[in-house]
Amino acid sequence: MRKLNCALLIIALGLPLSLPAAEDVWHLLVEPSFMPHEAAWPIPGTKTSVLVPSRLEEGEVLPLQRDEVVPRQVTRAGILASARSSASEVLKRLTPRYVRDSNQVIQYAVLESNDPLMTSAVLAPEFSGRFAETLGPEIVVAIPNHSRIFVFPRLSLAHQNFSDLIFVEYQSTPYPVSRDLFALRNGKLIAIGSPR
């Protein structure tokens, strides 16, 4: 009866009738702040990148719109809970490619995909752990565009040595994301500077 009353109220107010948030699968995508998103959360340490709550419907990424919040019963806590598990699912679909130096020592990893949700994978709770054996317990992440994520060991200077590569990846794509470098602390993305 309560759901019926809510639906009638939504119809009476002229709001679009949608499924409640419990059925929505949310993703937090790392996006450039210059894009016009109605809902975006700041990332500590940067003004050029944001987290954008989004859904995937029929292969299309749909960023959260203001007029969806009430009818979909969207809350920040609900988005965060859904986004963690959905980021894990995205990460499972990605296979890292390791780049080695002339002595066959791993310098960094690259995740490549045309998955429109790929940038959300860095927020998977197990993201750092996936690279712990090869790159060490602390990593630095670069997300120059929607199709590539670079993962560097934090204790190495590799991320500084490849600053030109990150810059070129950012500049040469129609879908840039960020020139920032990020660390993961307690499951949160934090910008720690730029390689340039």
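This write-up is about the structure you can find in this document.

The rules behind these values
- Residues numbered from 1 in each chain as written.
- Predicted model: local features only at pLDDT ≥ 70, side-chain atom pairs only at ≥ 80, totals over all residues.
- Heavy atoms only, no water.
- Pairing = 2+ DSSP bridges.
- Helix = DSSP H or I, 4+ residues; strand = E, 2+ residues; numbered from the N terminus.
- Buried < 20%, exposed > 50% of the residue type's maximum accessible area, 1.4 Å probe, protein only.
- Arc of directions from axis to C-beta.
- Core = buried A, V, L, I, M, F, W, Y, C linked by side-chain atoms within 4.5 Å.
- Contact = heavy atoms within 4.5 Å.

### Some points on the pairing of strand β10 (residues 188-193)
Right, so step 1: Relative to β10, strand β9 (residues 181-185) runs antiparallel, the two being bridged by five bridges. If you follow Leu184 over to β10, its bridge partner there is Leu189.
Right, so step 2: As consecutive antiparallel partners, β9 and β10 are separated by two residues, and within that stretch Asn186 has a phi angle of approximately 50°, a positive value.

### A look at helix α3 (residues 127-135)
Right, so step 1: All of the buried residues along α3 are Phe127, Phe131 and Leu135. One side of α3 holds all its buried residues, which, seen down the axis, span an arc of 25°. In α3, the exposed residues that point more than 90 degrees away from the buried face are Gly129 and Glu133.
Right, so step 2: One or two residues past the end of α3 sits Gly136, with phi positive at roughly 100°.

### Looking at the nonpolar core
Right, so step 1: Counting 38 residues, the largest nonpolar core has Val122 and Phe127 as the members making the most contacts within it.
Right, so step 2: Counting only elements with at least two residues in this core, the list comes to β1 (27-32), α2 (76-92), β6 (106-112), α3, β7 (139-145), β8 (148-153), β9 and β10.
Right, so step 3: It is α2 that provides the largest number of residues to this core, a total of five residues.
Right, so step 4: The residues contacting Phe127, other than those within four sequence positions of it, are Leu91, Leu111, Ala121, Val122, Ile139, Val141, Val151 and Leu184.
Right, so step 5: Judged by nonpolar contacts, the second largest core, of nine residues, contains Val110, Val140, Phe152 and Ile166.

The values are spatial; any link to function lies outside them.
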